[in-house]
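Fold and contact review
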Amino acid sequence: MTVAEVCTTQKAARMLGLSVTSVQQLVEAGVIEAWKTRGGHRRIPVAAVHAYKYGVRIDSAPAPDLGVASILVLEDNKMQREIYKKKISSWDLGANLAFCDSGYQALIEIASHKPDILLTDIVMAGIDGFEVIKTMRGYPGLAEMHVAILSSLPPESLAAQGGVPTGVIFFSKPINYDELRGYLRACCAHKARSCSAAP
């Protein structure tokens, strides 16, 4: 393999539009192929970067049950995940529910299963919620995904990070669960209508 066929973590981060820390975590998780030199520096095949950026098998995931929405919740706090699980499961939405506790795990799950709805916290170690949203919005196949932020981040801190992305709904913690239930029901109904209208 020639020098031109490999790149540094920094270059991979620029190519993917991610932070260096995020790329490092993806490498450590085995999502992006890489190795370390004798000096301890990571070297990543350019082909592996392109494979992650363009070849994540978004369209090759098994087809979901028609009309049944899938919900992915990204939350790094175990107690909060349990609360969401208990609440959402009690609403009888008829949806598939999955949880992730880290940003890179969520990116893998999104690429593999293409959920219909993403509920994400923002502040977390490594790849945060903003970066997950930014990354997934780079894939046209995910354009129809419903995305909502669930966060206790104050308005000024949110604005400092660019504000709520276009098309994303914001729920402030502590969560108003009546509002969240209404949002999820609307998203699930949209999924059912879309499937029934499909030829």
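Residues numbered from 1 in each chain as written. Predicted model: local features only at pLDDT ≥ 70, side-chain atom pairs only at ≥ 80, totals over all residues. Heavy atoms only, no water.

Time to look at the packing of helix α5 (residues 103-113) against helix α6 (residues 129-136). In the contact formed by α5 and α6, the axes pass within 9 Å of each other and the chain directions differ by 25 degrees. Relative to α6, the element α5 lies roughly parallel. Between α5 and α6 lies a crossing of right-handed hand. When α5 is examined against α6, the residues Gly103, Leu107 and Ile110 are found in contact with a partner set consisting of Val132, Thr135 and Met136. Counted by class, the contact of α5 with α6 contains four nonpolar, two polar and no charged residues. (Axes fitted to C-alpha atoms, helices over the stretch in contact; angles between N-to-C directions. Helix = DSSP H or I, 4+ residues; strand = E, 2+ residues; numbered from the N terminus. Parallel < 35°, antiparallel > 145°, perpendicular 65-115°, else oblique. Left-handed = near helix turned anticlockwise from the far one by under 90°. Contact = heavy atoms within 4.5 Å. Nonpolar A, V, L, I, M, F, W, Y, C, P; charged D, E, K, R; others polar.)

What follows covers the sheet that holds strand β6 (residues 117-120). Judged by pairing direction, the sheet is parallel, and its five strands sit side by side in the order β5-β4-β6-β7-β8 without closing on themselves. Whereas interior strands pair on both sides, the edge strands pair on one side only; in this sheet they are β5 (96-100) and β8 (169-172). Across the sheet, the axes of successive neighbouring strands diverge by a mean angle of 20 degrees, strand direction being ignored. Contacting β4 (70-74), β5, β6 and β7 (146-151), helix α4 (residues 78-89) crosses the sheet at an angle of about 175 degrees to β5. (Pairing = 2+ DSSP bridges.)

Right, let's get into the pairing of β5. Bridge count between β4 and β5: five bridges; the pairing is parallel. Across the sheet, Val73 pairs through a bridge with Phe99, a residue of β5.

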